[in-house]
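# Reading the structure
Chain by chain, the residues run as shown.
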Amino acid sequence: MIGGIIIGSFFDFPYEVTLYSILALLLFATLLYKNLIIRYIFLYVSVFLLGVVMYQHALKEYTIENESRQNVKAIIVSSPTQHGKIVRCDVVVANGRMAGRRVRASIMRDTIGQRYKRLGIGTGIECDAFISPPKDFGEGNFSYSRYLMNNGISATAFVPTNHWRFVGIPFSCLSVTDMLRLRATQYREELIKRYKASGLNDVSLSLVSAMTLGERSMISKSVREEFSATGTSHVLAMSGLHLSILYMFLTFAWGRRKRWVVVSLVNIILIWSFVFIAGLPTSLVRSAIMLTTYCVLSVSRYEAKPLNTLSLAAFIIVLINPMSVYDVGFQMSFMAVLGILTLVPWIMERLGERAVFRFPASRICFSFIVVSCVAQLAVAPLIAYYFGRFSCYFLIANVVAIPCTYIILLLGMLLLVVPVAAFQGFVAGILNSVVGFMNSALAYVASLPYASVDVNVGVGGVVIMYVVIIALLVVAHKLIGTRHTKVAF
């Protein structure tokens, strides 16, 4: 299916002919049920063509005509953020031929009346906007237009100063998904206000909000650069790491009752509530699907096979949104987890049994190093392609960043669920110290010589890098697999 989506983005297949071909192939697969090889070939080809159709259908939904000036009514569905002379936010159009579509709006600030300060999530506006299709900008391999389409945004809009006004628009014009996202975003804003009232300083507030609620708009450019240079940007983006920490906390809290049906149902509801509040990032959705599958199978006493669960998560995400294939978070999340699931057990089986790793502390440290190295190896070609850099001291930086992330996430959750002023002040003080230590350590690592190396690769370079990595792993498997003996050192 992913192959069909990729090929469909390069070649224009006749839509109706492709649909009829899928039906014919499925019919032949049904009639030839005795010949397994032919049946599977027909099934795989039909799924490939389904990917082509899915991409074409999604592209039609997000494609608009050339730039035009329109009078639209819309509801703001994301937190307005200031960028120089404009305020940027996502809106859902409520009237006209673009009704129901999401648009990324750039509203010029009115510095005299300062009405822009009253813009917020759920605010209704009517404006004369210049609406245009998403466009790519700048250098590099990152596609801004595909990034917008992956987030369900069909167009961009520019609204001049004083060409808009506040209006009341009922939420009934929103789809169920948009309504849920809107309510989750409003609730996230309320939680951020709790953080502000607890006594967190500006830097701590921005990082704690990013790590626990997925709100990254408050992080300064210098802090982003430090995390990027040290290879720890993944702790800022909501990922499986954050959800796994939450799930571990829930499992510990339930104790022996963790396999009860009611407990598993509550866990699933809490997990997906967290994902909605964080804005439904692909990496979190992937982790939530895998954890949901694990919860269901653990109750039914079936064993959850990690690779099958990962494949199921990818299938569901791509089926719902074919544009996810081009999402950087989707690619990096699945490649990292795929590398961890396939390589870490193999490495631990061959090296983890040595005498020095039989102690709990040394085994935990060794497992952490293996997981970090494998995850970095799995996504290194993608990082080089999208970001043009490679972090040389990622292992040292992650030794600091990941334990601090555990502490920040757990204390941040406690800060939200325990509404006692004295306790919140105490926890906020600890969080300020932890965040300050983490920032100082990462700033030091980023200042070291050759902390990051600039690289420039294209699609062909990414393919070659993965081929080389796979070839080296095959050679290592042959050598270690034949010479493996249990040696104590």
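What comes next concerns the included structure. Within each chain, residue numbers correspond to sequence positions counted from 1 in written order. Per-residue local features of the predicted model are confined to residues with pLDDT of at least 70, and side-chain atom pairs are confined, for both listing and counting, to 80 or more; whole-chain, interface and lining totals are unaffected and use all residues. To obtain the side-chain values, all non-hydrogen atoms of the structure were used and water was disregarded.

## Some details on the overall build of the protein
Our working rule: Helix and strand assignments come from DSSP, with helices taken as H or I runs of at least 4 residues and strands as E runs of at least 2, each series counted from the N terminus. For every residue, the accessible area obtained with a 1.4 Å probe (protein chains only) is divided by the maximum for its type, and the residue is called buried under 20%, exposed over 50%, and partly exposed between those limits. Contacts are assigned to residue pairs with any non-hydrogen atoms lying within 4.5 Å of each other. Each accessible area is a Shrake-Rupley result for a 1.4 Å probe, and residues are judged covered by the shown protein chains and nothing else.
Secondary structure assignment for the protein yields 16 helices and 9 strands. Reported as C-alpha extents along the three principal axes, the dimensions of the protein are approximately 75 × 70 × 50 Å. Residue burial in the protein is summarised as follows: out of 489 residues, 45% are buried. In the protein, once contacts between residues fewer than 6 apart in sequence are set aside, the share between residues at least 24 apart is 71%. Surface accessibility of the protein: about 25,800 Å² in total, with carbon and sulfur atoms responsible for 66%.

## Brief notes about the pairing of strand β5 (residues 124–132)
Note the following rule: Pairing between strands requires that DSSP locate at least two bridges from one strand to the other.
Of all 9 residues making up β5, 7 are buried, and the element is well covered by its neighbours. Direction of pairing for strand β1 (residues 68–76) relative to β5: antiparallel, over a ladder of 8 bridges. Bridge pairing links A74 to I125 in β5. One ladder, built from 3 bridges, connects β5 with strand β7 (residues 164–166); its direction is antiparallel. What sits directly across from C127, in β7, is W164. Inspection of the sheet shows β5 paired to strand β6 (residues 153–159) by 3 bridges, in the antiparallel sense.

## Considering the packing of aromatic side chains
Both the distance between ring centres and the angle between the ring planes are used here to describe each pair of aromatic rings. Defined as follows: Centres within 6.5 Å are what make two rings of Phe, Tyr or Trp a pair, Trp counting through its six-membered ring; a difference in plane orientation under 30 degrees is then read as stacked, over 60 as edge-to-face, and the rest as tilted.
Applying the stated criterion to the full structure yields 8 aromatic pairs. Look at F28 and F42: their rings are 6.0 Å apart centre to centre, the planes differ by 40°, and that puts the pair in the tilted class. Placement of the pair is F28 in helix α2 (residues 15–31) and F42 in helix α3 (residues 36–62), with a sequence separation of 14 residues. Relative to F394, the ring of F390 lies with its centre 6.4 Å away and its plane at 70°, an arrangement referred to as edge-to-face.

## Describing helix α6 (residues 202–213)
In plain terms, the rule: For a helix, the expected span equals 1.5 Å multiplied by the number of residues minus one. Pairing of N or O atoms within 3.5 Å defines a polar contact, subject to two protein rules: one partner must be a possible hydrogen donor and the other a possible acceptor, and residues neighboring in sequence count only if both atoms are side-chain atoms.
For α6, spanning 12 residues, the distance from its first C-alpha to its last is 16 Å, which sits close to the expected 16 Å at 1.5 Å a residue. Most of α6 is tucked away: 10 of the 12 residues are buried. Looking at α6, one finds that the buried residues are S204, L205, S206, L207, V208, S209, A210, M211, T212 and L213. Looking at the buried residues of α6, the elements they touch are α5 (176–198), α7 (221–229), α8 (240–254), α9 (261–277), α14 (394–417) and α15 (421–447). The residue sitting at the N-terminus of α6 and contributing the capping side-chain oxygen is N201; that oxygen lies 3.3 Å from the backbone nitrogen of V203.

## A short note on the packing of α5 against α6
Cut-off, in case you're wondering: Whenever a helix is involved, its axis is fitted only over the stretch in contact; in every case the axis is a line through C-alpha atoms, and angles between N-to-C directions fall within 0 to 180 degrees. It is the rotation of the near helix from the far one that decides the hand of a crossing: anticlockwise by less than a right angle makes it left-handed, clockwise makes it right-handed. Each residue gets one label: Ala, Val, Leu, Ile, Met, Phe, Trp, Tyr, Cys and Pro are nonpolar, Asp, Glu, Lys and Arg are charged, and the others, such as Gly, are polar.
Two elements in contact, α5 and α6, have axes separated by 11 Å at closest approach and are oriented at 140°. Viewed along their axes, α5 and α6 form a crossing whose handedness is right-handed. On α6, the residues touching R188, L191, I192, Y195 and K196 of α5 are L205, V208, S209, T212 and L213. For the contact of α5 with α6, the class distribution of residues is 6 nonpolar, 2 polar and 2 charged.

## Some words on the side chain of S206
Structurally, S206 can be placed in helix α6. Not counting the four nearest positions on each side in its chain, S206 is found in contact with E215, M218 and I219.

## What about a nonpolar patch on the surface?
Threshold: In this scheme, patches are assembled from residues that exceed 30% relative accessible area and form no salt bridge. Like charges are connected within 9 Å, while nonpolar side chains (Val, Leu, Ile, Met, Phe, Trp, Tyr) are connected within 5 Å. For this analysis, a salt bridge means a side-chain nitrogen from Lys or Arg found within 4 Å of a carboxyl oxygen belonging to Asp or Glu.
Nonpolar side chains collect at one region of the surface, where L27, F28, L31, L32, I37, I38, I41 and V45 lie side by side and expose about 720 Å² of accessible area between them. Those elements that place two or more of their residues in the nonpolar patch are α2 and α3. Per-element accounting of the nonpolar patch gives the leading share, 4 residues, to α3. On the basis of relative accessibility, which here comes to 36%, the residue L32 falls in the partly exposed class.

## Focus: the pattern of salt bridges
Per the counting criterion, the structure on display carries 7 salt bridges. Salt-bridge contacts for R115 lead to D110; the nearest nitrogen and oxygen are separated by 3.4 Å. Taken together, the shared-partner salt bridges connect D90, R102, R104 and D178 into one network.

## As for the environment of D178
Positionally, D178 belongs in helix α5. A sequence separation of 86 residues divides D178 from V92, and the C-alpha atoms of the two residues are 8.3 Å apart. With residues near it in sequence (within four places) discarded, D178 still touches V92, G100 and R102. For D178, the side chain forms a polar contact with the side chain of R102, separated by 3.5 Å.

## What about α9?
Between its terminal C-alpha atoms α9 stretches 24 Å, which fits the 24 Å expected from 17 residues at 1.5 Å a residue. Within α9, the full set of buried residues consists of V263, S264, N267, I268, I271, F274, V275 and I277. Taken together, the buried residues of α9 touch α5, α6, α8, α10 (282–299) and α14.

## Regarding the pairing of β6
Counting buried positions over the 7 residues of β6 gives 6, a clear majority of the element. Where strand β4 (residues 102–108) lies against β6, 6 bridges are found, and the strand directions are parallel. By the bridge assignment for β6, S106 is matched with F158.

## Observations regarding the side chain of S204
Mapping S204 onto the fold places it in helix α6. Sequence-distant contacts of S204, that is, excluding residues within four places in its chain, are made with L431, N432 and V435.

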